[in-house]
Amino acid sequence: MSAGELLKQANRLKRAGKLDEAIALYHQVIEINPHFAWAYHGLGDALVKQGNLEEAVTCYSEGLKINPNSAWLFYSLGEALAELGDLEAAVEYFKKAIQLKPDCYNFYNSLGWVFIQQKKFDEALSYYNQAIQLNSKVVDAYLGCCALSICKGELQKAQDYINLAIQLNPRKPESKLYSDFFYILDKFSSKVGFALANNSQNIKASQDYSHYLSQFLNLVKMYEQASIGENLMAIPQLGQFHHCISGLILPGLDYLAILRRLHLFLKPKNYVEIGVDKGKSLELASLSTVSIGIDPQPKLQCGVALSAKIFKMTSDDFFQNHNLLTELQGQRVDFAFIDGLHLFEQALKDFINLEKYSHSNTVICFHDTFPLDEITARRDRATGFWSGDVWKVALILRKYRPDLKISTVATRPTGLTIVTNLDSSSKILSKHYDDIVQEYMDESWVDSLELRFAMFSVVKNNWKAMIGNMFKSAVEATQ
């Protein structure tokens, strides 16, 4: 079979989602014809779908050596670099793609998205408008304009953009997200008699931008105070409102994408997850990984590996009645994710129990450690969007375990804390557990977003910076 025929077959497999088979065929094509730029492009695309972004960048770069005039290779390379967090390089490659093919709206649209991540709203608006000029039906461009208009405080313009997006595609989830955002904004503002400033001045500085968005969250608290007795959980649009604000305050990869990247980077032999729910995070583990999920009431809806073992019980019952070492086939924990009860004392206890089975390179992650506001961070659930008070764990570990390496990533919807340098012999937390719980039970919430960033030593949602900070030695070993 010729290289061209194999390439067509590989492309079909890629479109069908059979990525391993497609990747194998792309490699065959390259062996037959190492100067086939489209083979490198297809291989890169398959690797991106698999989550192997660094390898994809290498493939696109090789393709450009063969064909330096391929706008689509520049574009794909920019997309991969943007997802890795290398936004400056992404801008450079998107602009090269535009120079080669100035009539492709996709290029302008992606460049607009990158500029939003960089909080360069005027540049973003310029490129989104160019995308719209080339294709007036590109919904993502209108959604991007809506997002940046909200960030700039231009709420009427934002509503105009979302109305256009809804007209074009009312079923698109992002259209519904922003539509619900404005529904809550109108409903709550009318109730409390409070109007947000509609861009008296352009909001350009990052601090002003974050402070302005925080006002939307304060509106929820004002509504709660003015509507005593009303169940906020009965307002379905409020969850979407919070997700919308989260996406604006915490741009970049969401926590599931980061967990996926961690699985690919760490290549763990085993994985333990406390709090399985629908299985969205458990399904990220590879088929070769020995996976254990612990949840008293799992509601699996995702394609969790058949080899994954689910224990339908509380984490306390599991650690009391099972030996994790035995369940992991004699291996200590490589990677674990704590996302169970949204209460700090339980998350801390889960960490204590997992650390007993750790080794020097074990990685444990906590979800919900960077909440949006006081209401969603309460111990008693008041809203559909809820993180609880797990945020206290990051403070506890910093104070009582300075030997640990801890980073809280500003990722939507509610942050992700990554802990390394564990010590299976440490008894500090278990010895002082009751005193710690009593000390932090009434820990005061801090309203200032800037102060919370400082309190938690939050790192930017940038993959390269993230792994460089947490896994410096491992990164250096691969270079």
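Everything numeric here is computed off the predicted structure, so don't read it as measured data.

**Q** Lay out the nonpolar core with the relevant residues and their values.
**A** In this structure, Ile150, Phe216, Leu324, Phe351, Leu397 and Ile418 are the most contacted members of the largest nonpolar core, which totals 167 residues. Counting residues per element, this core draws most heavily on helix α9 (residues 139-152), which supplies ten residues. Ile150 has contacts with Leu155, Ala158, Tyr178, Phe181, Phe182, Tyr212, Leu213, Phe216 and Leu248, leaving out every residue within four places of it along the chain.

**Q** I'd like to hear about the packing of helix α4 (residues 53-66) against helix α5 (residues 71-84), residue by residue, with values.
**A** Two elements in contact, α4 and α5, have axes separated by 9 Å at closest approach and are oriented at 155°. In this view, α4 runs roughly antiparallel relative to α5, as classed from their interaxial angle. Crossing of α4 against α5: the hand is left-handed. Along its contact with α4, which presents Leu53, Glu54, Val57, Tyr60, Ser61, Gly63 and Leu64, the element α5 presents Leu73, Phe74, Ser76, Leu77, Ala80, Leu81, Glu83 and Leu84.

**Q** Go over the packing of helix α10 (residues 155-168) against helix α11 (residues 173-192), please, and point to the residues and values.
**A** Remark: α10 packs on α11, axes separated minimally by 10 Å, with the N-to-C direction vectors making an angle of 140°. For the element pair α10 / α11, the angle class is oblique. When the axes of α10 and α11 are compared, the crossing they make is left-handed. Contacts from Leu155, Ala158, Gln159, Ile162, Ala165 and Ile166 of α10 reach α11 at Glu174, Ser175, Tyr178, Ser179, Phe182, Leu185 and Asp186. Among the residues forming the contact of α10 with α11, the class breakdown is eight nonpolar, three polar and two charged.

**Q** Break down the sheet that holds strand β8 (residues 458-459) for me, with residues and values.
**A** A sheet is described by the order of its strands in space; here eight strands give the open sequence β3-β2-β1-β4-β5-β7-β6-β8, paired in mixed fashion. Of all strands in the sheet, those with a lone pairing partner are β3 (309-311) and β8, marking the two edges. Across four bridges, the pairing between strand β1 (residues 270-274) and strand β4 (residues 333-338) is parallel. Across the sheet, residue Glu273 finds its bridge partner in β4, namely Phe337. Strands in contact with helix α17 (residues 344-355) are β1, β4, β5 (358-367) and β7 (416-420); relative to β5, the strand with the most contacts, it is inclined by about 160°.

**Q** Give a description of the pattern of salt bridges that names residues and reports values.
**A** Pairing between side chains of opposite charge can happen when their charged atoms approach one another. Under the definition given, this model contains 23 salt bridges. A salt bridge links Asp277 to Lys299; the shortest N-O distance between them is 3.9 Å. Of this pair, Asp277 sits in the loop between β1 and β2 (290-294) while Lys299 is found in the loop between β2 and β3, placing the two residues 22 residues apart along the sequence. One network of salt bridges, in which partners are shared, links Asp122, Lys152, Glu154 and Lys157.

**Q** Can you lay out the environment of Leu395 for me, pointing to particular residues and giving the numbers?
**A** If you trace the backbone, Leu395 turns up in helix α18 (residues 391-400). Residue Leu395 is classed as buried on the basis of its relative accessible area, which comes to 14%. Each C-alpha atom of the pair Leu395 and Thr369 lies 9.7 Å from the other, and the pair is 26 residues apart in sequence.

**Q** Break down the pairing of β5 for me, with residues and values.
**A** Looking along a regular strand, one sees side chains alternate from face to face of the sheet. Counted residue by residue, β5 has seven buried out of ten residues, so it is predominantly covered. Judged from the five bridges that link them, β4 and β5 form a sheet pairing that is parallel. Across the sheet, residue Val333 finds its bridge partner in β5, namely Ser358. Between the parallel elements β4 and β5, the chain passes through α17 in a crossover that is right-handed. With four bridges connecting them, β5 and β7 associate as antiparallel partners. The partner of Cys365 across the bridge, within β7, is Ile418.

Parameters at a glance
- Residues numbered from 1 in each chain as written.
- Predicted model: local features only at pLDDT ≥ 70, side-chain atom pairs only at ≥ 80, totals over all residues.
- Heavy atoms only, no water.
- Core = buried A, V, L, I, M, F, W, Y, C linked by side-chain atoms within 4.5 Å.
- Buried < 20%, exposed > 50% of the residue type's maximum accessible area, 1.4 Å probe, protein only.
- Helix = DSSP H or I, 4+ residues; strand = E, 2+ residues; numbered from the N terminus.
- Contact = heavy atoms within 4.5 Å.
- Axes fitted to C-alpha atoms, helices over the stretch in contact; angles between N-to-C directions.
- Parallel < 35°, antiparallel > 145°, perpendicular 65-115°, else oblique.
- Left-handed = near helix turned anticlockwise from the far one by under 90°.
- Nonpolar A, V, L, I, M, F, W, Y, C, P; charged D, E, K, R; others polar.
- Pairing = 2+ DSSP bridges.
- Salt bridge = Lys/Arg side-chain N within 4 Å of Asp/Glu carboxyl O.
- Right-handed = clockwise from strand over helix to strand, strands pointing away.

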